[in-house]
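# Fold and geometry: a report
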Number of protein chains: 2
Amino acid sequence: MRIGQLAQQAGVDIQTIRFYERQGLLPPPNREDNGYRTYKADHADKLLFIRRCRSFGMSLEEIGVLQSYQEQPQQPCVAINELLDRHIAQVRNQIASLQVLENQLMTLRGCCDNERQNLDCGVLSGLLGGDKPFS
Amino acid sequence: MRIGQLAQQAGVDIQTIRFYERQGLLPPPNREDNGYRTYKADHADKLLFIRRCRSFGMSLEEIGVLQSYQEQPQQPCVAINELLDRHIAQVRNQIASLQVLENQLMTLRGCCDNERQNLDCGVLSGLLGGDKPFS
DNA sequence: GCTTGACCCTATATATACTACATGGTTTTT
DNA sequence: AAAAACCATGTAGTATATATAGGGTCAAGC
Ligand SMILES: [Zn+2]
Ligand SMILES: [Zn+2]
Ligand SMILES: [Zn+2]
Ligand SMILES: [Zn+2]
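Procedures and definitions
Residues numbered from 1 in each chain as written. Chains lettered and ligands numbered in written order. Predicted model: local features only at pLDDT ≥ 70, side-chain atom pairs only at ≥ 80, totals over all residues. Heavy atoms only, no water. Contact = heavy atoms within 4.5 Å. Buried area = accessible area lost by both parts, 1.4 Å probe. Salt bridge = Lys/Arg side-chain N within 4 Å of Asp/Glu carboxyl O. Polar contact = N/O pair within 3.5 Å; in protein donor to acceptor, adjacent residues only side chain to side chain. Helix = DSSP H or I, 4+ residues; strand = E, 2+ residues; numbered from the N terminus. Nonpolar A, V, L, I, M, F, W, Y, C, P; charged D, E, K, R; others polar. Domains from an automatic or database assignment. Donors = N, O, S within 2.8 Å, 3.2 Å for Na, K, Ca; no water. Buried < 20%, exposed > 50% of the residue type's maximum accessible area, 1.4 Å probe, protein only.

### Re the interface of chain B and chain A
Residue-level contacts link 52 residues of chain B with 52 residues of chain A. A buried area of about 4600 Å², summed over both sides, lies between chain B and chain A, and 67% of it is on carbon and sulfur atoms. Salt-bridge contacts for A:Arg109 lead to B:Asp85; the nearest nitrogen and oxygen are separated by 2.6 Å. Here chain B is connected to chain A by 24 residue pairs in polar contact (both at pLDDT 80 or more). Looking at the side of chain B that touches chain A, the elements with two or more residues in it are α3 (41–55), α4 (60–70), α5 (78–109) and α6 (122–128) of chain B. A per-element tally of the side of chain B that touches chain A places α5(B) first, with 20 residues. Grouping the constituent residues of the side of chain B that touches chain A by class yields 29 nonpolar, 16 polar and seven charged.

### A short note on the domain arrangement of chain A
The domain boundaries assigned to chain A delineate domain 1 (1–58) and domain 2 (76–135). A straight line from the C-alpha centre of domain 1 of chain A to that of domain 2 of chain A covers 38 Å.

### Focus: the coordination of the zinc ion (ligand 3)
All names here are of chain B. Protein-derived ligands of the zinc ion (ligand 3) are Glu-62 (OE), Glu-62 (OE) and His-87 (ND1), with the metal-ligand distances lying across 2.0 to 2.3 Å. Of the two residues, Glu-62 is situated in helix α4 and His-87 in helix α5; the sequence distance between them amounts to 25 residues. The exposure classification of Glu-62 matches that of His-87, with both residues buried.

Take a look at the structure:
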């Protein structure tokens, strides 16, 4: 299988596959005489694993760690679950931060009724910080 | 005022000020004979405006647009409020995406009880995609 | 006069996870 | 044979800074 086929199969850009190889997430495939990469089913599996982890928002570094766990089948899986727990905690932190931000933004938005000049815009005043609409 | 003073006053790294200047968000200040930048109160105001916008999660590009509105005091402020509305909508989209992700992650987390080997870890199986715990 | 430390300058590299381009070689199709 | 499609490497771009390298400037103390 050449890189274009693999890319189409996995729904990934060709460049992305080469990028994962450079990052050490995909092992370097064999090369044909002309230098073309040739992949086997194993590579396709690994690529799908990466993409699946990415769809869960994991970083490439986290994915690399998970791969190393995969290569130690006898080890207790506590480390895997801890990694996932940290990842979930981080997602929750992001959500919480964004919710705080959303509230601040709505307060700011409430400072203008949309029918003024830029000079008197409550939103712009709020951003300038002169009058403080926030406690 | 030199760059170090301005940085301390605004609670910003010196590099960040130079970075904003390169990005066109801060006007190039005058230089002393030795090449040192000298700032006035106006610069401090502009820097605080940028930082305040950043604390609301706005991009540097959005901030640039807001600055251009600021320089047109007579224009109706509708554009400002629309920019803010778009920004709020984007924050809400991010929150929604992250909440979907959080649910998926919790489902995945429920696939393992923490007391197995990596080989049998439900989390790892879920990431490998062989058995599909998701609809 | 000289050293030390604090401050300033530019230019470049790093982080993330790709994506796009430039340039050139190879294969396949027409 | 020519054109289209594919592959290769290497570079640069995205966003928002932060960090480092290597060097110039300035004020104080000895
Ligand atoms: Zn994570
Ligand atoms: Zn307004
Ligand atoms: Zn925005
Ligand atoms: Zn497990």
